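One letter stands for each residue in the lines below.
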Amino acid sequence: MPRARRRRPAQQPAAAGRRPAPVWFFDLDDTLHDATQAIAATIDRRMTDYVVRHLAVAQPQAEHLRLTYWRRYGATLLGLMRHHAVDPHHFLRETHDFDVLHLLRAERGLARLFARLRGRKVLLTNAPQRYAQAIVRELALHRQLDAHVSIERMRVHGTWRPKPSRALLRHMLAREGLASRDQVHRALLVEDNPANLKAARAVGFRTVLITRHARRGPRGRSAYIDLRIRSVHELARRLPAAATRC
Ligand SMILES: [Mg+2]
């Protein structure tokens, strides 16, 4: 797996009697901003158009393939690579290269919130790097994030493994020094997608479901969701003091 753009893991010794700092893994779309409206519709349309052009199929079949691969693999791209030998970089450029900032809707104060959270913060998004970086900068989170892992960097032993791949999630734990039984409890995944949380929980992460922008999701209690909140802004209030600076 190529090295992700990252800062060196900071030494964060726990204060006496205080638990070691958590390591936060944050999803991007529908977790840190509202992609459900204009952005998701734009990406979906561009993906369907791409499938129409490159697989020479009609629009309804392209739509069906896009959704089928997204549900089966967690990313439409993976299905297109596996079954149609699509060039991933070309696909990501063609589908995500648009003026996303013009369509961005996000809550205010995310940088202040991140500054209050103890521990390393890693962006873990199935979106491509250029797109993710543009949004992160616009949200003023680029100085708060210690590492960015976008889909181009989600490769394990040379194979693309976006979320919800357990191989990827285990790799992330190992990269952050959290693979051992006595460290894995420090890993927290904050996400809107229940399938990703379920996989993360299975390999040892604690999980936080963001419901505000959810297009899908389990109703009632789910064993793999440790905390269910409407917005990331509730993190500082709902988590124990060990996870925050105050
Ligand atoms: Mg998401």
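These notes cover the structure that comes with them. (Residues numbered from 1 in each chain as written. Predicted model: local features only at pLDDT ≥ 70, side-chain atom pairs only at ≥ 80, totals over all residues.)

**Quick notes on the overall build of the protein chain**
Across its full length, the protein chain carries nine helices and nine strands. Relative to its 246 residues, the protein chain shows a buried fraction of 39%. Put simply, of all contacts in the protein chain between residues at least 6 apart along the chain, 62% involve residues at least 24 apart. (Helix = DSSP H or I, 4+ residues; strand = E, 2+ residues; numbered from the N terminus. Buried ≥ 20, exposed ≤ 12 C-beta atoms within 10 Å, placed from the backbone. Contact = placed C-beta atoms within 7 Å.)

**Things to note about helix H8 (residues 194-202)**
The complete set of buried residues in H8 reads Asn196, Leu197, Ala199 and Ala200. For H8, the arc enclosing every buried residue in end-on projection is 165 degrees, short of the 170-degree limit, so these residues lie on one face. Positioned one or two residues after H8, Gly204 has a phi angle of 120 degrees, which is positive. (Arc of directions from axis to C-beta.)

**A few points about unusual backbone geometry**
Between Lys163 and Pro164 the backbone carries a cis peptide bond, its omega angle lying at 10 degrees. Along the chain, the position of Pro164 falls in the loop between strand S6 (159-160) and helix H7 (166-175). Backbone geometry places Ala85, a non-glycine residue, at a positive phi of 55 degrees. Backbone geometry places Ala140, a non-glycine residue, at a positive phi of 60 degrees. With respect to the helices, strands and loops of the structure, Ala140 is situated in the loop between helix H6 (129-138) and strand S4 (147-149).

**Quick notes on the nonpolar core**
By size, the foremost hydrophobic cluster in this structure holds 57 residues, and its most contacted members are Trp24, Phe25, Val122, Leu123, Leu188, Leu189 and Val190. Residues from two domains meet in this core; each of domain 1 (5-34 + 105-243) and domain 2 (38-101) gives at least three. Those residues in contact with Val190 that sit more than four places away from it in its chain are Trp24, Phe25, Phe26, Asp27, Thr31, Val208, Ile210 and Val232. (Core = buried A, V, L, I, M, F, W, Y, C linked by C-beta atoms within 7 Å. Domains from an automatic or database assignment.)

**With respect to the pairing of strand S3 (residues 120-124)**
Counted residue by residue, S3 has five buried out of five residues, so it is predominantly covered. Burial along S3 is two-sided: the face carrying Arg120, Val122 and Leu124 and the face carrying Lys121 and Leu123 are both buried. Sheet analysis places strand S2 (residues 23-26) next to S3, joined by four bridges and oriented parallel. By the bridge assignment, Trp24 is partnered in S3 with Lys121. Bridging between S3 and S4 involves three bridges; their strand directions are parallel. (Pairing = 2+ DSSP bridges.)

**Topic: the packing of helix H3 (residues 76-84) against helix H4 (residues 88-96)**
It is at 10 Å that the axes of H3 and H4 come closest, and there the two elements cross at 140 degrees. Note that H3 runs across H4; the crossing there is right-handed. Listed contacts from H4 to Leu77, Leu80 and Met81 of H3 are Pro88, Phe91 and Leu92. Partitioned by chemical class, the residues of the contact of H3 with H4 number six nonpolar, no polar and no charged. (Axes fitted to C-alpha atoms, helices over the stretch in contact; angles between N-to-C directions. Left-handed = near helix turned anticlockwise from the far one by under 90°. Nonpolar A, V, L, I, M, F, W, Y, C, P; charged D, E, K, R; others polar.)

**Overview of the packing of helix H1 (residues 38-55) against helix H2 (residues 59-73)**
Where H1 contacts H2, the two axes come as close as 8 Å, and the packing angle between them is 115 degrees. In the crossing of H1 with H2, the sense of the turn from one axis to the other is right-handed. Of the residues in H2, those in contact with Asp44, Met47, Thr48, Val51, Val52 and Leu55 of H1 are Gln59, Ala62, Glu63, Leu65 and Arg66. Partitioned by chemical class, the residues of the contact of H1 with H2 number six nonpolar, two polar and three charged.

**Focus on the pairing of S2**
Side-chain alternation along S2 places Val23 and Phe25 on one buried face and Trp24 and Phe26 on a second face that is also buried. Pairing of S2 with strand S7 (residues 187-191) involves four bridges; the strand directions are parallel. Bridge assignment links Trp24 to a residue of S7, and that residue is Leu188.

**Digging into H1**
Three- or four-residue spacings in an α-helix give side chains the same orientation, since the helix completes a turn every 3.6 residues. Across its 18 residues, H1 extends 26 Å between first and last C-alpha, which sits within 8% of the 26 Å expected from 1.5 Å per residue. Turning to H1, its buried residues are Ile39, Met47, Thr48, Tyr50 and Val51. Buried residues of H1 fall within an arc of 160 degrees about the axis and therefore sit on the same side. With respect to the buried face of H1, the exposed residues turned more than 90 degrees away are Ala41 and Arg53. On its buried face, H1 sits against H2, H3 and H4. A positive backbone phi angle near 55 degrees is found at Ala56, which sits one or two residues after H1. (Expected span 1.5 Å × (residues − 1).)

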